[in-house]
Amino acid sequence: MGRKATKASDNIFYQARVEAMKKIPEFSSREKASDLIGIDRTRLARIELAEVIPYQEEVKILAQAYDKPELCNQYCSMICPLGSVTTRKVQVRNLDRLILNTLGALNDISELKDSLIDISDDGQIDDSEREEFRQILSTLSEISEAAQSLEIWAKKYLDGWEDS
């Protein structure tokens, strides 16, 4: 790669291209990358410089081309106006860490189930149950994050992009 784009260095799309360049040297320039992925060079530059918000279809194209499925989650959790308030950013780690995180999140599932049954028994959440319910939501969120991380890992290392 000739020059490093210092203005874009903290941009997730630029970082993904630089990382993908290790496997596909043609990604070393925006011009070559744009030819390979089908996004205009100027448009790609504007995305990498955060001058425009990429369209969802562009994010998917970039994620597939760079073999970086976590770009979709990062876009939704950090850039998309709606997703940024409804989606949590997930970390894609090594499989052993993901499995440990998943097992840790699932560890208390039986207790969680019993608590949900107790709370929902009368069809309402009274003041004495609110904190316990918040804890349940927090645990469910951890389980969801672990599941999403595993899904992204599988997309990258097992399934590929066939079902996307």
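Residues numbered from 1 in each chain as written. Predicted model: local features only at pLDDT ≥ 70, side-chain atom pairs only at ≥ 80, totals over all residues. Heavy atoms only, no water.

(A) Highlighting the nonpolar core. The biggest cluster of nonpolar side chains holds 18 residues, and the ones touching the most others in it are Phe13, Phe27, Ile37, Leu44, Leu62, Tyr66 and Leu71. Mapped onto this core, the elements with two or more residues apiece are helix 1 (12–21), helix 2 (30–37), helix 3 (41–48), helix 4 (56–65) and helix 5 (70–79). With four residues, the single largest contributor to this core is helix 1. Those residues in contact with Phe27, other than ones at most four positions away along the chain, are Arg17, Ala20, Met21, Ala33, Leu36, Ile37, Ala65 and Tyr66. With five residues, the next largest nonpolar core counts Ala105, Ile119, Ile136 and Ile143 among its residues. (Core = buried A, V, L, I, M, F, W, Y, C linked by side-chain atoms within 4.5 Å. Buried < 20%, exposed > 50% of the residue type's maximum accessible area, 1.4 Å probe, protein only. Helix = DSSP H or I, 4+ residues; strand = E, 2+ residues; numbered from the N terminus. Contact = heavy atoms within 4.5 Å.)

(B) Geometry of the packing of helix 1 against helix 5. Put simply, helix 1 and helix 5 touch, their axes get as near as 11 Å, and they point 165 degrees apart. Taken together, the axis directions place helix 1 and helix 5 in an arrangement best described as roughly antiparallel. The hand of the helix 1/helix 5 crossing is right-handed. Contacts from Ile12, Phe13 and Ala16 in helix 1 reach Leu71, Gln74, Tyr75, Met78 and Ile79 in helix 5. Grouping the amino acids of the contact of helix 1 with helix 5 by side-chain chemistry returns seven nonpolar, one polar and no charged. (Axes fitted to C-alpha atoms, helices over the stretch in contact; angles between N-to-C directions. Parallel < 35°, antiparallel > 145°, perpendicular 65-115°, else oblique. Left-handed = near helix turned anticlockwise from the far one by under 90°. Nonpolar A, V, L, I, M, F, W, Y, C, P; charged D, E, K, R; others polar.)

(C) Broad picture of helix 1. Within helix 1 the residues assigned to the buried category are Ile12, Phe13, Tyr14, Ala16, Arg17 and Ala20. Contacts from the buried residues of helix 1 go to helix 2, helix 3, helix 4 and helix 5. Where helix 1 begins, the side chain of Asn11 points an oxygen toward the backbone nitrogen of Phe13, at a separation of 2.8 Å. (Polar contact = N/O pair within 3.5 Å; in protein donor to acceptor, adjacent residues only side chain to side chain.)

(D) Representation of the packing of aromatic side chains in the model. Across all of its chains, the model carries two aromatic pairs by this definition. Centre to centre, the rings of Phe27 and Tyr66 are 5.1 Å apart; their planes meet at 85 degrees, and the pair counts as edge-to-face. Placement of Phe27 in the loop between helix 1 and helix 2 and of Tyr66 in the loop between helix 4 and helix 5 is noted, with a sequence separation of 39 residues between them. Residue class for Tyr66 comes out buried when judged on its relative accessible area of 5%. Centre to centre, the rings of Trp153 and Tyr157 are 5.1 Å apart; their planes meet at 40 degrees, and the pair counts as tilted. Of the two residues, Trp153 and Tyr157 both sit in helix 9 (residues 130–159), four residues apart, roughly one turn of that helix. (Phe/Tyr/Trp six-rings, centres within 6.5 Å; stacked < 30°, edge-to-face > 60°.)

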